[in-house]
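The lines below spell out each chain.
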Amino acid sequence: MFFLGSWLPALPGLAWGWVLLDTLLQGLVGACAVSVLYSLVKVYLYIQCLNDPERQAEKEAIGAQRRALEPLHVAVLTGVLALVGPRVAALVVLEFSLRAVSTVLSLGKGVHSTHLHLLCQFSLGCGVSCGLTFLLEGAPHATCNLALAAGLAGLLATYARRLARHVCTLYELHIRGRYCGVCILLLTAGHGIPRLLRNALAVAFAVGDLAAVALINRDFLSAAEAVRFWTPLTICYTLLVIYMQEEPAQGAGGRARYRTVLVRMGGLFILLLTVGRWADVLHVLVSLLGELWCLLRAGAMLEASRRQ
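Residues numbered from 1 in each chain as written. Predicted model: local features only at pLDDT ≥ 70, side-chain atom pairs only at ≥ 80, totals over all residues. Heavy atoms only, no water.

**Considering the UniProt feature "transmembrane region" (unreviewed entry) in the protein**
Then, number 1: In the numbering adopted here, UniProt assigns the feature "transmembrane region" (unreviewed entry) to residues 68–94, 114–136, 143–161, 173–189, 196–215, 227–244 and 256–275.
Then, number 2: Taken end to end, residues 143–161 comprises 100% helix and 0% strand; its first and last C-alpha atoms sit 26 Å apart.
Then, number 3: When the span residues 196–215 is considered, its composition is 100% helix and 0% strand, and the gap between its end C-alpha atoms is 28 Å. (UniProt positions renumbered as here; feature names shortened; annotations may be inferred. Helix = DSSP H or I, 4+ residues; strand = E, 2+ residues; numbered from the N terminus.)

Below you can see the structure in the form of structure tokens.
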């Protein structure tokens with residue numbers, strides 16, 4: 001690993017050796033965080049659909065997802081988060097934070113928090129990656145710390161997936177028999193899952209936002225250079241937030257979700273063409289793939305949360 005960088009070709013935004021290992025571990029931790037979020041939202045939506053006789057088709061769609069896709073999703077998301085550079089990951093985190101604040105302020109208009117939780121999957125992965133990059137920068141044992149964090153995150157993701165699998169296959173049977181402690185706990189306290197996720201995501205994005213601002217500002221040599229970057233970025237994000245306000249009015253269906261992702265990433269792409277680097281432009285395209293991958297996987301759950 002020490003000598004990989006001496007003979008492997010140099011690629012924009014990608015380093016070899018221990019740095020590559022650290023980047024992969026950061027991506028794995030972010031992917032596991034997304035997996036935990038996905039599994040808990042799946043448990044909540046499945047129980048909600050099960051309790052509503054008119055939503056049995058949605059329940060079947062949520063429970064019919066294949067188990068083999070779960071490790072594949074984590075592997076693909078790990079690779080995408082590893083390829084996305086810290087600057088673009090920081091911009092993705094800041095953009096979603098502004099959009100989340102705007103959406104929370106409009107909750108009285110009928111926007112449900114579970115839908116927002118599903119939309120933030122890729123942004124959550126970027127936020128975790130940014131936070132780890134900032135907190136472990138210059139640490140003497142960063143690789144060991146990341147390996148430990150990846151192990152703990154993988155353990156949490158595994159248990160969350162097992163919980164979702166248990167609920168989708170045995171919850172209805174166990175509730176009738178009243179002999180499964182896990183299912184009885186979900187029956188009595190399952191309604192608190194959105195609140196738990198909301199608090200956890202608030203902490204994760206608060207850390208991610210602070211790390212994102214620090215990671216972006218470290219590349220500026222003067223205040224004037226920082227102003228030249230932050231001014232068009234602020235204008236771009238303001239226009240994006242205004243556009244997002246129209247999403248609930250449009251129904252937020254499947255096509256609207258993908259159109260929104262294209263608009264967001266397109267605005268970031270144009271912005272970085274003017275004030276960014278060529279490596280950042282490539283990373284925006286990788287981020288677009290990550291966003292679309294998360295939306296495709298959560299399609300049935302997004303539809304169920306929108307109807308709720």
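**Details of the nonpolar core**
Then, number 1: Counting 74 residues, the largest nonpolar core has Leu-91, Phe-122, Tyr-171, Leu-268 and Leu-272 as its most contacted members.
Then, number 2: Among the elements that take part in this core, helix α1 (residues 18–50) stands out by supplying 13 residues, more than any other.
Then, number 3: What Phe-122 contacts, discounting residues up to four positions off in sequence, is Leu-77, Val-80, Leu-81, Val-84, Val-92, Ser-287, Gly-290, Glu-291 and Cys-294.
Then, number 4: If you look at the next biggest cluster of nonpolar residues, it comprises 10 residues, including Val-29, Cys-32, Ala-142 and Ala-153. (Core = buried A, V, L, I, M, F, W, Y, C linked by side-chain atoms within 4.5 Å. Buried < 20%, exposed > 50% of the residue type's maximum accessible area, 1.4 Å probe, protein only. Contact = heavy atoms within 4.5 Å.)

**Focus: the packing of aromatic side chains**
Then, number 1: A complete count under the given rule lists one aromatic pair for this structure.
Then, number 2: Cation over ring: Arg-297 sits above Tyr-38, and NZ or CZ is 3.6 Å from the ring centre. (Phe/Tyr/Trp six-rings, centres within 6.5 Å; stacked < 30°, edge-to-face > 60°. Lys NZ or Arg CZ within 6 Å of the ring centre and 35° of its normal.)

**Describing the packing of helix α6 (residues 121–135) against helix α12 (residues 278–297)**
Then, number 1: The N-to-C vectors of α6 and α12 enclose an angle of 130°; their axes lie 8 Å apart at closest approach. It follows from the interaxial angle that α6 and α12 lie oblique. Side by side, α6 and α12 meet where Gln-121, Phe-122 and Ser-123 of the first sit next to Ser-287, Gly-290, Glu-291 and Cys-294 of the second.
Then, number 2: Classifying every residue of the contact of α6 with α12 by side-chain character gives two nonpolar, four polar and one charged. (Axes fitted to C-alpha atoms, helices over the stretch in contact; angles between N-to-C directions. Parallel < 35°, antiparallel > 145°, perpendicular 65-115°, else oblique. Nonpolar A, V, L, I, M, F, W, Y, C, P; charged D, E, K, R; others polar.)

**Here's the deal with the pattern of salt bridges**
Then, number 1: A complete count under the given rule lists six salt bridges for this structure.
Then, number 2: Salt bridges here are not isolated pairs; linked through shared partners, they connect Glu-70, Arg-161 and Arg-165. (Salt bridge = Lys/Arg side-chain N within 4 Å of Asp/Glu carboxyl O.)

**Regarding helix α9 (residues 193–217)**
Then, number 1: In this model, α9 (25 residues) spans 36 Å end to end at C-alpha, consistent with the 36 Å of a helix rising 1.5 Å per residue.
Then, number 2: Restricting attention to buried positions, one finds in α9 the residues Ile-193, Pro-194, Leu-197, Leu-201, Phe-205, Gly-208, Asp-209, Ala-211, Ala-212, Leu-215 and Ile-216. (Expected span 1.5 Å × (residues − 1).)

**A closer look at the packing of helix α3 (residues 69–83) against α12**
Then, number 1: It is at 9 Å that the axes of α3 and α12 come closest, and there the two elements cross at 160°. With respect to α12, the element α3 is oriented roughly antiparallel. For the pair α3 and α12, the crossing hand works out as left-handed. When α3 is examined against α12, the residues Glu-70, Leu-72, His-73, Val-76, Leu-77, Val-80 and Leu-83 are found in contact with a partner set consisting of His-283, Val-286, Gly-290, Trp-293, Cys-294 and Arg-297.
Then, number 2: By residue class, the composition of the contact of α3 with α12 is eight nonpolar, three polar and two charged. (Left-handed = near helix turned anticlockwise from the far one by under 90°.)

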